[in-house]
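# Topology and contacts: notes
Chain residues, written in single-letter form:
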Amino acid sequence: QVQLVESGGGLVQPGGSLRLSCAASGTIASINAMGWYRQRPGKERELVATMSSGGSTNYADSVKGRFTISRDNAKNTVYLQMNSLKPEDTAVYYCNLVRPSGSSYWGQGTQVTVSS
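Quick summary incoming for the structure in this document. (Residues numbered from 1 in each chain as written. Predicted model: local features only at pLDDT ≥ 70, side-chain atom pairs only at ≥ 80, totals over all residues. Heavy atoms only, no water.)

## Brief notes about unusual backbone geometry
If you check the backbone angles, Asn 76 has positive phi at about 50° while not being a glycine. Residue position: Asn 76 is located in the loop between strand E7 (67-72) and strand E8 (77-82). What makes Asn 76 partly exposed here is its relative accessible area of 22%. Not every positive phi belongs to a glycine, and Ser 84 is a case in point at roughly 50°. (Helix = DSSP H or I, 4+ residues; strand = E, 2+ residues; numbered from the N terminus. Buried < 20%, exposed > 50% of the residue type's maximum accessible area, 1.4 Å probe, protein only.)

Next up, the structure:
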C-alpha cells in the first residue's frame, strides 16, 4: 500500500504564493509519476502538473508560468510551488502517484483558497 500525505494549503490573497508538499510512504519500489490535480467548486478533478521519475514535466495551460512542480526522489516527496495565485485557483488539491504497473494512488486533498 501507498500513503500520500499533503500539506501546505491555506488561505492566501490574490497574487500571493503557496507551496504544497506531498510525502509518499509505504510500499514504494518504483514510481512512474507523481503530480497534482485539483477539483474546483462545481467542477471535475483536473490535472495541474505532473512529473515523471525522469524529471519530465507536464502543466495545465492555466497554470503555466505560475506553478512549478518539483520532486525529491530520495524523500519520495513532490512539491508544487504556486505563485501569482488567482481566485480561480481556489480548489482542493490532490497529490497523485502512479506506479509503472499503472496503479494509481491519491492523497486526501488539501484546500487552497485564494481570496481577499
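## Quick word on the sheet that holds E8
Read from one edge of the open sheet, four strands run E1-E3-E8-E7, paired in antiparallel fashion. This sheet does not close on itself; its edge strands, each paired only once, are strand E1 (2-7) and E7. Going across the sheet, the axis of each strand differs from the next one's by a mean of 15°, ignoring polarity. (Pairing = 2+ DSSP bridges. Axes fitted to C-alpha atoms, helices over the stretch in contact; angles between N-to-C directions.)

## Some remarks on the nonpolar core
Residues Leu 4, Met 34, Trp 36, Leu 80, Met 82 and Tyr 93 are the most contacted members of the largest nonpolar core, which totals 29 residues. For this core, the secondary structure elements donating two or more residues are E1, strand E3 (18-26), strand E4 (33-39), strand E5 (46-52), E7, E8, strand E9 (91-98) and strand E11 (110-114). With residues up to four places along the chain from it excluded, the contact list for Leu 80 reads Leu 18, Arg 19, Leu 20, Trp 36, Val 48, Ala 49, Phe 67, Thr 68, Ile 69 and Tyr 93. (Core = buried A, V, L, I, M, F, W, Y, C linked by side-chain atoms within 4.5 Å. Contact = heavy atoms within 4.5 Å.)

## Digging into the pairing of E4
With five of seven residues buried, E4 is to be regarded as a mostly interior element. Here E4 pairs with E5 via six bridges, running antiparallel. Bridging across to E5, Gly 35 finds its partner in Thr 50. Between E4 and the antiparallel strand that follows it, E5, lie six residues; Gly 42 among them carries a positive phi value of about 75°. Where E4 meets E9, seven bridges bridge the pair, whose relative direction is antiparallel. Across the sheet, residue Gln 39 finds its bridge partner in E9, namely Val 92.

All quantities given are derived from atomic positions and should not be read as evidence of function.
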